[in-house]
Structure formats: C-alpha cells, structure tokens
Amino acid sequence: MGWLIYPDTPACIRDEIARLCTWNSEKGRGFPVLISRKGSVWYAAVRAEPAAGRLDTGRDPTGHFETDATGGYTFAAVFLTTTSKGEWGYKDMDETSGPNQAEAPAKLLDLLSPTSAEYALAWRQRCRDHAARTNRRLKPGDVIRLTIPLRFSDGAELQTFRVAKEKWGRSNRTVFISTETGGRYSISNIMSRDWTRI
C-alpha cells in the first residue's frame, strides 16, 4: 500500500493511529492494546476478535497467527509517518510484510500472538536485537563490571567503573572512573567488550 496524505496534520497523531487500528464489522472488531513511537514511526499491538458465534479454527483468517480461547489474536502494525508543508501522511503495514523499521519495544512484542509467518518472525527478532543493543547504551552514572580486567598504561589492572561525561573542548566525552582507585580512564570499543551493568 502507498502513502495516504491528509491536507492537515491531525490534532493528536497518537489518536489518529489508534483510530486507524480500530474497526467493528460483522466479521469482528479490532483495537490497539499498545501504541509506541520511535521518531516518525509508530508501532501498535492490535487485538483482533471475531464476531460472536464465529467458528474458532485455532488460526486467524490469514492463517498467520494462533488464536486464543476467545478466537482472538494480537498482531503488530507499523505506521511510517511524514509531515510536510502542513500536510501529514502515513503508510501502514503489518508485521507479516517484514517492515524495514524494527524498533518496536519488547513490551509491545510480548503482547503479540504466536505466529508462523516467516517475515513476522524475522521482524520480531530484528526488534528484539535492536532492543538488546539499545539496552547496552551507557548513561552517566551507570556502573559496569568488565568480565576480564583491563590493564592500563599506568599499570593499573581494573574491572569496575562508573560512567561519566566530561567536557572535552566543545563536546563531551565518555570517561570511565574506577570504583577501586577513583582514576579516570578511556576504554576503547566498550560496546564490543563483555561487561555487565551493576
């Protein structure tokens, strides 16, 4: 599906995404259970439930998702959005199309029904991989412990550090302060090293 452009930006984009995820027909209904935004991309966990009396086959009508005891299931929808010259637009897709945008949070992924759709499984894994990488970002105040101690040029062999940001010229740099000695150190390739946050 292509882009749909509105002549005006909605008053509340989150409400518009929720509206787009909501339906009610003779076949059933759908509604968002969680909506999340990353930049201009919106992710939604959408619950689909069959109308009363419809036969539960254990799979959704497309055959991609396992249904629960009520015959319902939850899938992910992805909305790319754009704003330009007062206009607002979106392009929507569901997870079975394997969207390139894969930054849905783990709490949203945890709501989704089991699926056999290959593209959806790959997309979910890319989202989880992204979340794992994001969780390794260091913030000032974090305390980390390296699995293997490092030997520094001053002869110290250290393992536990507090992360700090310090002014360096016109920018900031990350500094690792030893919890053992109080010394300030630079650690190259910190993200590729084996460490845990404590």
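Structure: above.
Bear in mind that the values here come from a model prediction, so they are computed numbers and not experimental data.

## Here we look at the nonpolar core
And step 1. Ranked by internal contacts, the top residues of the largest apolar core, which has 15 residues, are I17, C21, A44, V46, F75, A77 and F79.
And step 2. Every element with two or more residues in this core is listed here: β4 (41-50), β5 (73-84) and β6 (87-94).
And step 3. When residues no more than four places from it in sequence are discounted, the contact partners of A44 are C21, L34, I35, F75, A76, A77 and L108.

## Details of the packing of aromatic side chains
And step 1. Across all of its chains, the model carries 12 aromatic pairs by this definition.
And step 2. Aromatic pair F65 and F75: ring centres 6.3 Å apart, planes at 40°, arrangement tilted. Here F65 is found in the loop between β4 and β5, whereas its partner F75 is found in strand β5, with 10 residues between them in sequence.
And step 3. Classification of F75 by relative accessible area gives buried; the value is 14%.
And step 4. On the basis of an interplanar angle of 35° and a centroid distance of 6.1 Å, the ring pair of Y73 and F75 is categorised as tilted. Assigned by exposure class, Y73 and F75 land together as buried.
And step 5. Taken together through their ring pairs, the aromatic side chains of Y6, F79, W88 and Y90 make up a single cluster.

## Thoughts on the pairing of strand β7 (residues 143-151)
And step 1. Of the pairings in the sheet, the one linking β7 to strand β8 (residues 157-168) comprises five bridges and is antiparallel in character. Among the inter-strand pairings, V143 is bridged to a residue of β8, identified as R162.
And step 2. In textbook terms, the turn of a hairpin is the stretch between consecutive antiparallel strands, and for β7 and β8 this stretch comprises five residues, one of which, G155, has a positive phi near 90°.

## Focus: the sheet that holds strand β9 (residues 171-178)
And step 1. One open sheet holds the five strands; their spatial order is β10-β9-β8-β7-β11, and the pairing between them is antiparallel. Of all strands in the sheet, those bounded by a partner on one side alone are β10 (184-185) and β11 (195-197).
And step 2. Where β9 lies against β10, two bridges are found, and the strand directions are antiparallel. Note that in β10 the partner of F176 across the bridge is Y185.

## Brief notes about the environment of G89
And step 1. As for its position among the elements, G89 is in strand β6.
And step 2. When its relative accessible area of 0% is taken as the criterion, G89 is described as buried.
And step 3. Counting along the chain gives 67 residues from G89 to A156, while the straight-line C-alpha distance between them is 57 Å.

## Re the pattern of salt bridges
And step 1. The tally for this structure, following the rule as stated, stands at nine salt bridges.
And step 2. Salt-bridge contacts for E95 lead to R124; the nearest nitrogen and oxygen are separated by 2.6 Å. Within this pair, whereas E95 is found in the loop between β6 and α2 (106-109), its partner R124 is found in helix α3 (residues 118-135), the two being separated by 29 residues in sequence.
And step 3. We classify R124 as buried; its relative accessible area is 13%.
And step 4. For R184, the salt bridge identified is with E166, shortest N-O distance 2.4 Å. Placement of R184 in strand β10 and of E166 in strand β8 is noted, with a sequence separation of 18 residues between them.
And step 5. What makes R184 exposed here is its relative accessible area of 53%.

## Considerations on unusual backbone geometry
And step 1. The backbone of K85 sits at a positive phi, close to 50°, despite the residue not being glycine.
And step 2. The topology assignment puts K85 in the loop between β5 and β6.
And step 3. Using a relative accessible area of 83% as the deciding quantity, one classes K85 as exposed.
And step 4. For N189, which is not glycine, the phi torsion reads 50° and is therefore positive.
And step 5. As for its position among the elements, N189 is in the loop between β10 and β11.
And step 6. Owing to a relative accessible area of 56%, N189 belongs among the exposed residues under this scheme.

What counts and what doesn't
- Residues numbered from 1 in each chain as written.
- Predicted model: local features only at pLDDT ≥ 70, side-chain atom pairs only at ≥ 80, totals over all residues.
- Heavy atoms only, no water.
- Core = buried A, V, L, I, M, F, W, Y, C linked by side-chain atoms within 4.5 Å.
- Buried < 20%, exposed > 50% of the residue type's maximum accessible area, 1.4 Å probe, protein only.
- Helix = DSSP H or I, 4+ residues; strand = E, 2+ residues; numbered from the N terminus.
- Contact = heavy atoms within 4.5 Å.
- Phe/Tyr/Trp six-rings, centres within 6.5 Å; stacked < 30°, edge-to-face > 60°.
- Pairing = 2+ DSSP bridges.
- Salt bridge = Lys/Arg side-chain N within 4 Å of Asp/Glu carboxyl O.

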